[in-house]
Amino acid sequence: MCADTFRTPQLLFASGIRPPALGRYLNEHAFLTGRVLLDLERFGLTRADLPPVRGGEFATDSLWLPQNGAEQPFHGQIMNTTYVDDGGAALAHSVGLSLYTPVESRAENRVVFRDDDLDLTGMPRFSIEFSYSDADLALVEAARVEMARVAAAFGAFDPDTESALLLPGSSLHQTGTVRLGPVDDGTSVCDPDGRVWDFDNLFVAGNGVIPTAVVANTTLTGAVTAVRAARAARRVVAGAAAAPLV
């Protein structure tokens, strides 16, 4: 089973498969974004020096600074954009800054399903309970300071008006709601291969299986869970085929 971080636990819940951790430990990195206009004079440039945009081009590039634990607690992105007029002439150059900060995995952050209320597809309707811990908020504030420092290297920057902490859900990088774990201790839904506890033939995969905070796009990490689950399911099928008939 591989729907998404919300529909996979929804399907399990609707099927009566409801381990204690189902829907819990919902995780998503915080998303701080800002933008600063490049001070051309500071860099000895004029608008004529900005690279022209050719027809059909999208005048944006992106640079990444991967998160690396305590030494580099943020995942950073710099997205450069040249603004042009209707004729394609450069008007200004902006530097877009994004800092993603990790969020603690807590059981309180969860998807809540209802037996007595169905959505348009006939599935249990759900709501989301999500908040930041004090540690999460402290890291966000550290990211604000870092963003202001980086932005000031490019031009005049007002963090109160030119940056924002986006609402939870904005990144689309949600994880954890059918998280894997090494043992069935109530804090996970499946084992490291994605096999749901107490089942031999039910596997889950996707971003919801990821048990730890991810501070970037989760697609490749989620794909790894699908590969592991597929290999494990194949072993189960092969074992069943080799078992003698009784």
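Per chain, residues are indexed from 1 in the order of the written sequence. Local features in a predicted model are, by the rule used here, given only for residues with pLDDT of at least 70; side-chain atom pairs are given and counted only at 80 or more, and totals for whole chains, interfaces and linings are based on all residues. The side-chain values count all of the structure's non-hydrogen atoms but skip hydrogen atoms and water molecules.

Enquirer: Looking at this model, I keep getting lost on the packing of aromatic side chains. Mind explaining?
Expert: Between two aromatic rings, the relevant description is the distance of the centres plus the angle of the planes. Paired rings are identified among Phe, Tyr and Trp, the last through its six-membered ring, by centres lying within 6.5 Å, and are further divided according to the angle between planes into stacked (under 30 degrees), edge-to-face (over 60) and tilted (the rest). A complete count under the given rule lists five aromatic pairs for this structure. Summarising the aromatic geometry, the rings of phenylalanine 6 and phenylalanine 126 are spaced 5.9 Å apart at their centres and angled 15 degrees between planes, so their arrangement reads as stacked. Of this pair, phenylalanine 6 sits in the segment before α1 (7-14) while phenylalanine 126 sits in strand β6 (residues 124-129), and the two are 120 residues apart along the sequence. Think of it in three bands: with a 1.4 Å probe and only protein chains considered, a residue is buried below 20% of the maximum accessible area for its type, exposed above 50%, and partly exposed in between. Given a relative accessible area of 14%, phenylalanine 6 falls into the buried group. Taken together, the ring pairs connect Phe6, Phe13, Phe113 and Phe126 into an aromatic cluster. For a lysine, the NZ atom is tested; for an arginine, the CZ atom; a charge sits over a ring if that atom is within 6 Å of the ring centre and within 35 degrees of the ring normal. Above the plane of the ring of phenylalanine 13 lies arginine 18, whose end atom (NZ or CZ) is 3.6 Å from the centre. Its guanidinium or amino end placed over the ring of tyrosine 25, arginine 179 lies 4.1 Å from that ring's centre, counting from NZ or CZ. Helix and strand assignments follow DSSP, with helices taken as H or I runs no shorter than four residues and strands as E runs no shorter than two, numbered in order from the N terminus.

Enquirer: When you look at the side chain of histidine 93 in this model, what are you seeing that I'm missing?
Expert: Tracing the backbone shows histidine 93 in strand β4 (residues 90-101). By relative accessible area, histidine 93 is classed as buried at 13%. Looking at histidine 93, its side chain comes within polar contact range of the side chain of threonine 82, at 3.0 Å. In this structure histidine 93 touches Val36, Leu37, Leu38, Leu50, Asn80, Thr81 and Thr82, once residues within four positions along its chain are discounted. Any N or O atom pair separated by 3.5 Å or less is treated as a polar contact, with the protein-specific requirement of one donor-capable and one acceptor-capable atom, and with residues adjacent in sequence counted only for side-chain atom pairs. Any two residues having at least one pair of non-hydrogen atoms within 4.5 Å are treated as being in contact.

Enquirer: Explain the nonpolar core to me, please; I cannot follow it from the model alone.
Expert: General note: in soluble globular proteins, nonpolar side chains tend to be found buried as a group. Core analysis: the biggest nonpolar cluster contains 17 residues, and Leu12, Leu22, Val178, Val189, Val196 and Val204 have the highest contact counts within it. Taken together, the elements giving at least two residues each to this core come down to α1 and β5 (110-118). Residues contacting leucine 22, with those up to four places away along its chain left out, are Pro9, Leu12, Phe13, Ile17, Thr177, Val178 and Val189. Among the nonpolar cores identified, the runner-up in size contains ten residues, and Leu32, Val36, Leu97 and Met147 belong to it. Side-chain atoms within 4.5 Å link the members of a nonpolar core, which is a set of buried Ala, Val, Leu, Ile, Met, Phe, Trp, Tyr and Cys residues.

Enquirer: How should I be thinking about the environment of leucine 172 in this particular structure?
Expert: With respect to the helices and strands, the residue leucine 172 is situated in the loop between β7 (163-165) and α4 (219-242). Assessed through its relative accessible area of 63%, leucine 172 is described here as exposed. Residues leucine 172 and threonine 5, 167 residues apart in the sequence, show an inter-C-alpha distance of 9.8 Å.

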